[in-house]
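Secondary and tertiary structure notes
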Amino acid sequence: MEDQLKELFQFLRDQNPQVRRIALSNLVGQTAKESPYRHIFLQGIQGSGLQKPQESDVVRDLKLLCRDQLATAHDAFRALVNLSDSTFLVPFLVEQSFLTYLVSYILNPDAILADLAAMLLSNITASTSACSALLTLKVPLVTLTPSVSSQVSYYTPHSRSGTCPAPVPYPSGEPQEFLALPLLVDAFVQGASLDQSEDKSKRARRGDLHFLSSVFANISTSPVGRLFFVTPRPTDPMKPDSALEYPLAKILPFTEHQDTIRRGGVASTLKNCAFHSPAHKAILSPETVLTPVPPSTVAAPGIDALPYILLPLAGPEELDLEDQENLPPALQFLPPTKKREPDPVLRLTHVETLLLLCTTRWGREYMRTHGVYEIVRGAHLEEAVDKVSEHIERLVQFIKGEEDPEITDDNVVATKSEENAEVPDEEDYRIEEV
């Protein structure tokens, strides 16, 4: 059977598109992790000793077939998504020309398989080398004449393929290079839809691009990646003179989106950014306050993250009028139909984010006066998962504890109540990047 499958490899580059499609359709099922013949796709790329890994013909063919007609390209993307968990394959997927094609394809609003491409980019960015490459990647764009019916004002020449044809007439402008990541953030926002039944042909993009949230989460595990999200950038990536905005502020509204992948990736990105303590003031400050992230002096409207962290933790409980006044406006007088985040992993992520924001005195004092205790108190009463409950209890210690008046250092997290409390096992409370 293995030899028979290998014989199909030669047909992946056949001139007849039907032959390519049939050959790949018989191979794609063997790329799954549980397949006994999966190894045949990875043979010859490991390298040995001082010898550099060499890209195999089948990997090169699969990358090329992503540009083929719909059925073939779909199977090629699927195969690479399945195989991309192999660390041996990643160097060939972050190769400049393929990464530029992949990102350009995702950015094109007419790309039929953009969601599969985003899934592949999500898997690739589990590698630190891929994250580094994406942070500095620039893609060529051709500016289009602004249209009332379209939110996208550019065309990506490198996205041209069987499932993403060039526009007619072809735009006449010269391509200019732009950083890819700000454009991916905008594409992610445009891909969201509150109505899943909506006709995709009437939307800004044909793909939902939920998996881009996982890309952002992967990138934000590194200090450089976090800095991208908490560094003011032009609101419109193609207009350098447009108003400044933090990229993190653009994706925060999706912490309550109906898609678990989208809201989970956004929650993880926010949590990872909270590891950067100089950004805490910008993360919590309202949009009406221009706030820089030290040591930079460039200021932008505050990210106002607190409502987006607390909303998933909030339930339908009725609060006293005095407690309501402490809450951010978005959390006041919630309807009786309000439901908490159903996924315990995401509830824990939000509580861990609040704990990280407690590591600066300014953050603790801000949360004390903005209703954090009132929300987590109700969440704790309804929480059925012990680990989440324990983290909420630790959070309450920070918020309700008295500050030591002799400590003025904003990075000192000890409070009087904690000094007298029994110290739990550190392993139970260690917060990790996700």
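So, a few notes on the structure that sits alongside this text.

Analysis parameters
Residues numbered from 1 in each chain as written. Predicted model: local features only at pLDDT ≥ 70, side-chain atom pairs only at ≥ 80, totals over all residues. Heavy atoms only, no water. Pairing = 2+ DSSP bridges. Helix = DSSP H or I, 4+ residues; strand = E, 2+ residues; numbered from the N terminus. 1 Å grid on protein atoms, 1.4 Å probe; cavity = no way out; pocket = protein on both sides within 12 Å on 5 of 7 lines; lining within 4 Å. Points joined across faces, edges and corners; volume = space filled by probe spheres on them. Nonpolar A, V, L, I, M, F, W, Y, C, P; charged D, E, K, R; others polar. Contact = heavy atoms within 4.5 Å. Axes fitted to C-alpha atoms, helices over the stretch in contact; angles between N-to-C directions. Phe/Tyr/Trp six-rings, centres within 6.5 Å; stacked < 30°, edge-to-face > 60°. Buried < 20%, exposed > 50% of the residue type's maximum accessible area, 1.4 Å probe, protein only. Lys NZ or Arg CZ within 6 Å of the ring centre and 35° of its normal. Core = buried A, V, L, I, M, F, W, Y, C linked by side-chain atoms within 4.5 Å. Expected span 1.5 Å × (residues − 1). Polar contact = N/O pair within 3.5 Å; in protein donor to acceptor, adjacent residues only side chain to side chain.

By the bridge criterion, four bridges tie strand E1 (residues 138-143) to strand E3 (residues 176-179) in an arrangement that is antiparallel. Considered in E3, the bridge of Leu141 is made with Gln176.

Tallying each qualifying case throughout the model produces one cavity of 30 Å³ or more. Put simply, the largest cavity is a space of about 50 Å³. Taken together, Pro182, Val185, Phe228, Arg233, Pro234, Pro237, Glu245, Pro247 and Lys250 form the lining of the largest cavity. Those elements that place two or more of their residues in the lining of the largest cavity are helix H9 (180-191), strand E4 (233-234) and helix H12 (247-251). Tallied by class, the residues present in the lining of the largest cavity amount to six nonpolar, no polar and three charged.

So, on to the sheet that holds E1. On the basis of which strands lie adjacent, the open sheet formed by three strands has the order E2-E1-E3 and antiparallel pairing. Of all strands in the sheet, those with a lone pairing partner are strand E2 (154-155) and E3, marking the two edges. Examined bridge by bridge, E1 and E2 share two bridges and lie antiparallel to one another. The residue of E2 that forms the bridge with Thr143 is Tyr154. Of the strands in this sheet, E1, E2 and E3 touch H9, which is tilted by about 70° from E3.

For the rest of this paragraph, the subject is the packing of aromatic side chains. For the structure shown, the criterion picks out ten aromatic pairs. Look at Tyr155 and Tyr170: their rings are 5.6 Å apart centre to centre, the planes differ by 85°, and that puts the pair in the edge-to-face class. A residue pair is termed long-range when its members are at least 10 positions apart, and Tyr155 in strand E2 and Tyr170 in the loop between E2 and E3 qualify at 15 residues. Take Tyr155: its relative accessible area is 5%, and that puts it in the buried class. An aromatic cluster is built from Phe188, Phe216, Phe228, Phe229 and Phe254, whose rings are joined through pairwise contacts. In this arrangement the basic side chain of Arg262 is found over the ring face of Phe254, its NZ or CZ atom lying 4.7 Å from the centre.

One finds Phe77, Val103, Leu121, Leu184, Leu212, Leu248 and Leu354 to be the most contacted residues of the largest nonpolar core, which totals 115 residues. With eight residues, helix H6 (residues 96-107) is the largest single contributor of residues to this core. Not counting residues up to four positions away in its chain, the partners in contact with Leu354 are Leu306, Ile309, Leu310, Leu313, Met367, Val372, Val376 and Leu395.

Attention shifts here to helix H13 (residues 260-273). In this model, H13 (14 residues) spans 20 Å end to end at C-alpha, consistent with the 20 Å of a helix rising 1.5 Å per residue. For H13, the buried fraction is high: twelve of the 14 residues fall into the buried class. Arg262, Arg263, Gly264, Gly265, Val266, Ala267, Ser268, Thr269, Leu270, Lys271, Asn272 and Cys273 are the residues of H13 that are buried. Its side-chain oxygen 3.0 Å from the backbone nitrogen of Ile261, Asp259 forms the N-cap of H13.

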